[in-house]
Amino acid sequence: QVQLVESGGGLVQPGGSLRLSCAASGVTLEYLTVGWFRQVAGKEREGVSSITSYESITTYVDSVRGRFTISRDNAVNTVYLQMDSLKAEDTAVYYCATTSWQTMAPLSPGEYDHWGQGTQVTVAS
């Protein structure tokens, strides 16, 4: 079975940093495009960042550009989301997901096939 497990969430003060991890089993992330998404109560799930399997092309939503960095380490079958300069509005449950797309990195949740269970990120003082 395909399994994606997010970790690294927690409580952090505004301006702080967190690194989220998406560890996969039952699937090789090297051959998949991976996205990070977030969702807050009462709002639709939002695409945050994605990285293609081919050439590792990255995409970011405007609100996190320059603050978040997505990367992959194929040796350990893991994709990361480094989050710096965190703001209160970044508070959400963060999910990783995969798609079989190779050369494009969509931010639309509907394009992704497999999802993790999410990790809570809370930014507050």
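Just above, that's the structure.
What counts and how
Residues numbered from 1 in each chain as written. Predicted model: local features only at pLDDT ≥ 70, side-chain atom pairs only at ≥ 80, totals over all residues. Heavy atoms only, no water. Pairing = 2+ DSSP bridges. Helix = DSSP H or I, 4+ residues; strand = E, 2+ residues; numbered from the N terminus. Axes fitted to C-alpha atoms, helices over the stretch in contact; angles between N-to-C directions. Phe/Tyr/Trp six-rings, centres within 6.5 Å; stacked < 30°, edge-to-face > 60°. Buried < 20%, exposed > 50% of the residue type's maximum accessible area, 1.4 Å probe, protein only. Lys NZ or Arg CZ within 6 Å of the ring centre and 35° of its normal. Salt bridge = Lys/Arg side-chain N within 4 Å of Asp/Glu carboxyl O. Core = buried A, V, L, I, M, F, W, Y, C linked by side-chain atoms within 4.5 Å. Contact = heavy atoms within 4.5 Å.

1. Some remarks on the sheet that holds strand S7 (residues 68-73)
Logical step 1: Read from one edge of the open sheet, four strands run S1-S3-S8-S7, paired in antiparallel fashion. With partners counted over all chains shown, the strands left at the sheet margins are strand S1 (3-7) and S7, one partner each. Ignoring which end each strand starts from, the neighbouring axes of this sheet average 15° apart.
Logical step 2: Pairing of strand S3 (residues 18-25) with strand S8 (residues 78-83), which is carried by six bridges, proceeds in the antiparallel orientation. Bridge pairing links Cys22 to Val79 in S8.

2. Concerning the packing of aromatic side chains
Logical step 1: Throughout the structure, instances matching the rule amount to three aromatic pairs.
Logical step 2: An angle of 75° between the planes, with centres 4.9 Å apart, marks the rings of Phe37 and Tyr112 as edge-to-face. Of this pair, Phe37 sits in strand S4 (residues 33-39) while Tyr112 sits in the loop between strand S9 (92-99) and strand S10 (114-115), and the two are 75 residues apart along the sequence.
Logical step 3: Both rings, one in Phe37 and one in Trp115, keep their centres 4.8 Å apart while their planes meet at 50°; by these two values the pair is tilted. Residue Phe37 is found in strand S4, and its partner Trp115 is found in strand S10; the two are separated by 78 residues along the sequence.
Logical step 4: Trp115 sits in the partly exposed class, given a relative accessible area of 26%.
Logical step 5: Across the ring face of Tyr95, the terminal group of Arg45 is positioned such that the distance to the ring centre comes to 3.8 Å.
Logical step 6: When the ring centre of Trp115 is taken as reference, the NZ or CZ atom of Arg45 above it lies at 4.8 Å.

3. A few points about the pattern of salt bridges
Logical step 1: Tallied over the entire structure, the rule returns four salt bridges.
Logical step 2: With a shortest N-O distance of 3.6 Å, Asp62 and Arg65 are connected by a salt bridge.
Logical step 3: Under the relative-accessibility criterion, Arg65 is labelled partly exposed at 48%.
Logical step 4: Each of Arg38, Glu46, Arg67 and Asp90 takes part in salt bridges that share partners, so that together they form one network.

4. Things to note about the nonpolar core
The nonpolar side chains of a soluble globular protein tend to be buried, and buried together.
Logical step 1: Core analysis: the largest hydrophobic core is formed by 27 residues, its most contacted members being Leu29, Trp36, Phe68, Val79, Leu81, Met83 and Tyr94.
Logical step 2: For this core, the elements supplying multiple residues, two or more each, are S3, S4, strand S5 (46-51), S7, S8, S9 and strand S11 (119-123).
Logical step 3: In terms of residue count, S3 provides more of this core than any other element does, four residues in total.
Logical step 4: Aside from chain neighbours lying at most four places away, what touches Phe68 is Arg38, Val48, Tyr60, Leu81, Gln82, Met83, Asp84, Leu86, Asp90 and Tyr94.

5. Here's the deal with the environment of Lys87
Logical step 1: Tracing the backbone shows Lys87 in the loop between S8 and S9.
Logical step 2: Through-space distance from the C-alpha of Lys87 to that of Val64 is 9.8 Å; in sequence the pair is 23 residues apart.
Logical step 3: Look past the residues within four positions of Lys87 in its chain and what remains in contact with it is Arg67 and Val123.

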